[in-house]
Amino acid sequence: EDALSTSVRSAVEDGREGHVVVATYSPRADTLIDELEARDVGYVLVEPDSERATKLYEDGYDVVRADPETVQGLEDANLGRARALVADVSDRVDTSIVLTARGISDEIRIVSVVEDPDKTGYHELAGADEVLSPRPLLGKQLAEVASTGLTTELGEDIEIGRDFEIAELLIHNGSPLAGTSLAESNLREQAVVNVIGAWFRGEFVSPVAPDRVLDAGTVLLLTGKSEQIERLESLPESTVREFESGGTLVLGHGEVGQAVTRTLDAAGQVYSVIDQEDGPGVDVVGSADDVDTLHAAGIDDARSVILAIPDDTEAEFATLVIRDMSPTLDIAARTESAETVQKMYRAGANYVLSLAQVTGRMTASAVLEDETIVAMDGQIEILKTTAPAVAGQTLADARIRERTGCTVVAVDRDGEVFTDLGADFRIEAGDELVIAGTEAGTTAFVDRLS
């Protein structure tokens, strides 16, 4: 066994420091490692299984073959000079790793991941600095993805639907937009619309950088006049629909599903719940892939469906059934495995979040103490305000998006509304600008330019 495993280190070099010790490898570790590498933070995987350690080494991972439940194993990873330790194996093994690590160092930051939130207290007693329970966060993000918030403060002079529309453009597999950057898509030139935000694989971004690549599953949130938005309907493998509020159907009311409904309650959203077992909060008892059950729960009047069931195979089949029932219904789904994500997109889901992805990002946030890694802001505000600080400047010179993160979607000038706003459009004194952005963006606009 030693002869076959000579290529895998049994200990890191003595001078190694500032790294994150990850015990042990799981699919969740990939997202964590991506986040660490993006911030130039090193890592070491501690893997006790010889064959798995060899495979990880061959795949390019920084790995040592050692047992993280032992003092020697963690010392082989140079834990004493590490930045942090992540324990993510199982609830019982993780507490053993934490106890071992705390015996080596009182200073090392220890983050552990629990499968059962009820076990959190035991991890804390063992010595973990932070104990993560990803499923509630997964449910919260699914709810935010499926029910992008929209608030408006436009007054009586401008009306959505009369002066401009808000719509969503869903990019499917085979769309000519898939694989292009926002700048290369030429949406502005083709339809004179403004992209004010987008969902990328479950992450909401506003504003969208011109070089951001659009792929299958991306949903663009845009504004423009009705005739301008209608031009986009001719794009192959793309779905255009007006942005509107509506009911949400939640399939599954376990830990993730309950987090979904708590988030929808907080946002004042209307929803109904299907689960195979009756219980508090369940409106219809039945299977998520049963057509009659879906009709009874109100799928015909729903705007979106959130699949919060824990079995990936069942979720795939339910997605096929729901997509067959409605080609335009917004489907957001969870998966256990990251490998299932692409299958769910092929089945017809619009947004898919894997538990592995959410756990990895959540762990990276805890290790690096950087809340922006898991920050989700799916709320768009549209308001009308003056901007005396940029009066007399063109939109290009004003650099409003660069300075505030907001997009100017219309200008009200003495009762005349302009929506075809090129870079050379000049803002005049007294103009009222209609801007769209996140809460942070609109606040920055008012503070700096109004």
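Structure's up top.
Keep in mind that what you see is a predicted model, and the values were worked out from it rather than measured. (Residues numbered from 1 in each chain as written. Predicted model: local features only at pLDDT ≥ 70, side-chain atom pairs only at ≥ 80, totals over all residues. Heavy atoms only, no water.)

Considerations on the packing of helix α1 (residues 27-38) against helix α14 (residues 355-368)
Item 1. The interhelical angle for the contact between α1 and α14, taken along N-to-C directions, is 45°, at an axis separation of 7 Å. In terms of axis orientation, α1 runs oblique to α14. Here the hand of the crossing between α1 and α14 comes out right-handed. Where α1 abuts α14, its residues P27, R28, T31, L32, E35 and L36 lie against A356, Q357, T359, G360, R361, T363, A364 and L368.
Item 2. Broken down by class, the residue content of the contact of α1 with α14 amounts to six nonpolar, five polar and three charged. (Axes fitted to C-alpha atoms, helices over the stretch in contact; angles between N-to-C directions. Helix = DSSP H or I, 4+ residues; strand = E, 2+ residues; numbered from the N terminus. Parallel < 35°, antiparallel > 145°, perpendicular 65-115°, else oblique. Left-handed = near helix turned anticlockwise from the far one by under 90°. Contact = heavy atoms within 4.5 Å. Nonpolar A, V, L, I, M, F, W, Y, C, P; charged D, E, K, R; others polar.)

Let's talk about unusual backbone geometry
Across the chain, the bulk of peptide bonds are trans and the bulk of non-glycine residues have phi less than zero.
Item 1. Residues A23 and T24 are joined by a peptide bond in cis, for which omega reads -5°.
Item 2. As for its placement among the helices and strands, T24 is situated in the loop between β1 (20-23) and α1.
Item 3. The omega torsion across S206 and P207 is 0°, close enough to zero to call that bond cis.
Item 4. Positive phi, close to 60°, is recorded for N186, a residue that is not glycine.
Item 5. Within the secondary structure layout, N186 lies in the loop between α7 (182-185) and α8 (187-191).
Item 6. Under the relative-accessibility criterion, N186 is labelled partly exposed at 36%. (Buried < 20%, exposed > 50% of the residue type's maximum accessible area, 1.4 Å probe, protein only.)

Digging into the sheet that holds strand β4 (residues 84-87)
Item 1. Read across the sheet, six strands follow the order β3-β2-β1-β4-β5-β6 without closing on themselves; strand pairing throughout is parallel. In the strand order of this sheet, the two ends are held by β3 (63-65) and β6 (130-132), each with one partner. Averaged over neighbouring strand pairs, the angle between their axes works out to 20° when direction is ignored.
Item 2. For β1 and strand β2 (residues 43-47), the ladder comprises four bridges, and the chain directions are parallel. Its bridge partner lying in β2, V21 is registered against V44.
Item 3. Seen against the sheet, helix α4 (residues 91-104) touches β1, β4 and β5 (109-113) and runs at an angle of roughly 175° to β5. (Pairing = 2+ DSSP bridges.)

Examining the environment of V367
Item 1. Summarising the element assignment, V367 is placed in helix α14.
Item 2. Once the C-alpha coordinates of V367 and G179 are considered, the two residues, 188 residues apart in sequence, prove to be 33 Å apart.
Item 3. Filtering out sequence-adjacent residues up to four positions away, V367 remains in contact with V20, R83, A84, V86, R109 and V111.

A short note on the sheet that holds strand β13 (residues 247-251)
Item 1. Strand order in the open sheet formed by six strands is β15-β14-β13-β16-β17-β18, and the pairing between neighbours is parallel. In this open sheet, the two edge strands, each paired with only one partner strand, are β15 (284-285) and β18 (351-354).
Item 2. Contacts between helix α10 (residues 255-266) and the sheet are confined to β13, β14 (271-275), β16 (302-307) and β17 (330-335), with β13 contributing the most and set at about 165° to the helix.

Concerning α1
Item 1. When α1 is considered as a whole, its buried residues turn out to be A29, T31, L32, I33, E35 and L36.
Item 2. Close packing links the buried residues of α1 with β1, β2, β4 and α14.
Item 3. Just past α1, the residue D40 takes up positive phi, approximately 55°.

Remarks on the nonpolar core
Item 1. Counting residues in each nonpolar core, the largest one holds 56 residues, and the members touching the most others are L45 and L142.
Item 2. At seven residues, α14 tops the list of elements feeding residues into this core.
Item 3. Setting aside residues no more than four positions away along its own chain, L142 makes contact with V256, V260, I306, L307, A332, A333, R334 and L353.
Item 4. Formed by 24 residues, the second largest nonpolar core is a distinct cluster that contains A288, I309, L329 and A333. (Core = buried A, V, L, I, M, F, W, Y, C linked by side-chain atoms within 4.5 Å.)

Describing α10
Item 1. Spanning 12 residues, α10 covers 17 Å between terminal C-alpha atoms, matching the ideal 16 Å at 1.5 Å per step.
Item 2. Of the residues trailing α10, G268 is marked for its positive phi of about 70°. (Expected span 1.5 Å × (residues − 1).)

Section: the side chain of T442
Item 1. Considering the arrangement of structural elements, one finds T442 in helix α17 (residues 439-449).
Item 2. T442 gets classed as buried once you look at its relative accessible area, which sits at 2%.
Item 3. Setting aside anything within four residues of it in sequence, one finds T442 in contact with E381, L383, C406, I435 and G437.

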